[in-house]
Amino acid sequence: MAVLKVKFTKTKRDKLAQILWILNWVSVVSGVILFSLGLFLKIEIKKRSEVMAKGDISSVPNMLISVGVIACIINFLGGKICYDCSDANKFSRWKLVMLPYIVCTFCFTFCILVGALMCYTMKNELEESLYLGLRDAIKFYKDTDIPGRCFLKKTVDMLQIGFRCCGNNGFRDWFEIQWVSARYLNMASKEVLDRLKSNVDGKFLVDGVPFSCCNPSSPRPCIQYQLTNNSAHYNYDFLTEELNIWMKGCREALLDYYTAIMRSIGIAALFIWLFELSVLIGVRYLQTAMKNVLLLGDLEGESDGWLLENSFVETAKYNISVIKNLGKANQISTVSGMNDPNIDIQNTNCGKTNITTKSIPAA
């Protein structure tokens, strides 16, 4: 029994073909939107690739870009097919193409759904990439004279100013590394030498942060050095006073930024998937309705259209049996005692049961 069978008249078939022709052109625009969203996300990730570890975070924008390009091609072809389906004579040349086209379009719409879901599932990969990338960027913050790292100080400073953040997880990350270059340390100073000697690795560690961590909106001048020393500043209590530096870590700030972008892209991709799925259903109805018109031979009469010719269970069983039989085409019977592939073939005598033989006369 057919699933969701609908009866179509000649007028309804023509209107359906015209509507689908328009919707396919709208789908071309949706493909451009998907391509643009993927390209935008790729550019945003590329902007801050210096503070991200290499990983699979580019898989989502690449997926959206690919799906967007394929959407433009498939829907352009679908518009041409639907336009010709308004004429039964023109439909005959697309008759053998439409079913493979519907199958390919179904797989394509599934890719859109996968791309939309990936926007919500890549948060863990993005967080790990940001954590490792920011850790290395802060570690090499002081290396302004080393090729390949000299840009990291500017990158980190602009990041902390732009996103109002400090450090990787927080401002205390700067306490654990030497972020002041050795060329700016006064080696004749006893305080500097004592700090270098007090550290096992010989690093100059201070309880301070770079200037880019300062909050310009704070009424008090920025305290970026000796943050934990109450006696170093007038009327200052580290434990109770609200510090005038950014408290949020840059990993959290960037993660919130990219999560908001991917959430919006995921919602847009889900709407596009629903739209593409509705167009695909309409094309399926048009294909089955036009096919039944040709079978009936009455181009002006009514015809049935459906999503599936049989029930879901019967269709699934049929497809499974087809897949199973694909590998049996070249197999040879392996029944014990029957190694000859032709052993089961029975000989026939063409209906003659009694055949008289003529004896050869003796010389």
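All of these numbers come straight from a predicted model, not from anything done at the bench.

## Brief notes about the packing of helix H6 (residues 152–163) against helix H8 (residues 250–296)
Then, in step 1: Running from amino to carboxyl end, H6 crosses H8 at an angle of 65 degrees, the nearest separation of the two axes being 10 Å. Our pair here, H6 against H8, has a crossing hand that is left-handed. Only Cys250, Ala253, Leu254 and Tyr257 of H8 make contact with H6, whose side of the interface consists of Leu159, Gln160 and Phe163.
Then, in step 2: Taken together, the residues of the contact of H6 with H8 sort by class into six nonpolar, one polar and no charged.

## A look at unusual backbone geometry
Excluding glycine, a negative phi dihedral is what most residues carry, and trans is how most peptide bonds are arranged.
Then, in step 1: Phi is positive for Arg164, close to 55 degrees, though the residue is something other than glycine.
Then, in step 2: Structurally, Arg164 is set in the loop between H6 and helix H7 (190–198).
Then, in step 3: By relative accessible area, which is 53% here, Arg164 ends up exposed.
Then, in step 4: Not every positive phi belongs to a glycine, and Gln226 is a case in point at roughly 50 degrees.
Then, in step 5: Turning to its location among the elements, Gln226 is positioned in the loop between H7 and H8.

## Observations concerning the side chain of Arg48
Then, in step 1: Here Arg48 lies in the loop between helix H1 (10–47) and helix H2 (59–84).
Then, in step 2: Of note is the side chain of Arg48, whose polar atom sits 3.4 Å from the side chain of Glu44.
Then, in step 3: Excluding residues within four positions of it along the chain, Arg48 makes contact with Leu159, Phe163, Leu254, Tyr257 and Tyr258.

## Comments concerning the UniProt feature "transmembrane region" (unreviewed entry) in the chain
Then, in step 1: UniProt marks residues 20–40, 60–78, 98–120 and 265–286 with the feature "transmembrane region" (unreviewed entry), using the numbering shown here.
Then, in step 2: The distance separating the terminal C-alpha atoms of residues 98–120 is 34 Å; by composition the span is 100% helix and 0% strand.
Then, in step 3: Across residues 265–286, helical content stands at 100% and strand content at 0%; the span's end C-alpha atoms are separated by 32 Å.

## A few points about the packing of aromatic side chains
Then, in step 1: Taken as a whole and assessed by the stated rule, the structure comprises nine aromatic pairs.
Then, in step 2: Judged by centre distance (6.1 Å) and plane angle (55 degrees), the rings of Phe8 and Tyr285 are tilted. Taken together, the residues span a long stretch of sequence, with Phe8 in strand E1 (residues 6–8) and Tyr285 in helix H8 at a distance of 277 residues.
Then, in step 3: Among the residues examined, Phe8 registers a relative accessible area of 9% and is labelled buried.
Then, in step 4: Aromatic pair Trp179 and Tyr225: ring centres 6.1 Å apart, planes at 20 degrees, arrangement stacked.

Conventions and cut-offs
Residues numbered from 1 in each chain as written. Predicted model: local features only at pLDDT ≥ 70, side-chain atom pairs only at ≥ 80, totals over all residues. Heavy atoms only, no water. Axes fitted to C-alpha atoms, helices over the stretch in contact; angles between N-to-C directions. Helix = DSSP H or I, 4+ residues; strand = E, 2+ residues; numbered from the N terminus. Left-handed = near helix turned anticlockwise from the far one by under 90°. Contact = heavy atoms within 4.5 Å. Nonpolar A, V, L, I, M, F, W, Y, C, P; charged D, E, K, R; others polar. Buried < 20%, exposed > 50% of the residue type's maximum accessible area, 1.4 Å probe, protein only. Polar contact = N/O pair within 3.5 Å; in protein donor to acceptor, adjacent residues only side chain to side chain. UniProt positions renumbered as here; feature names shortened; annotations may be inferred. Phe/Tyr/Trp six-rings, centres within 6.5 Å; stacked < 30°, edge-to-face > 60°.

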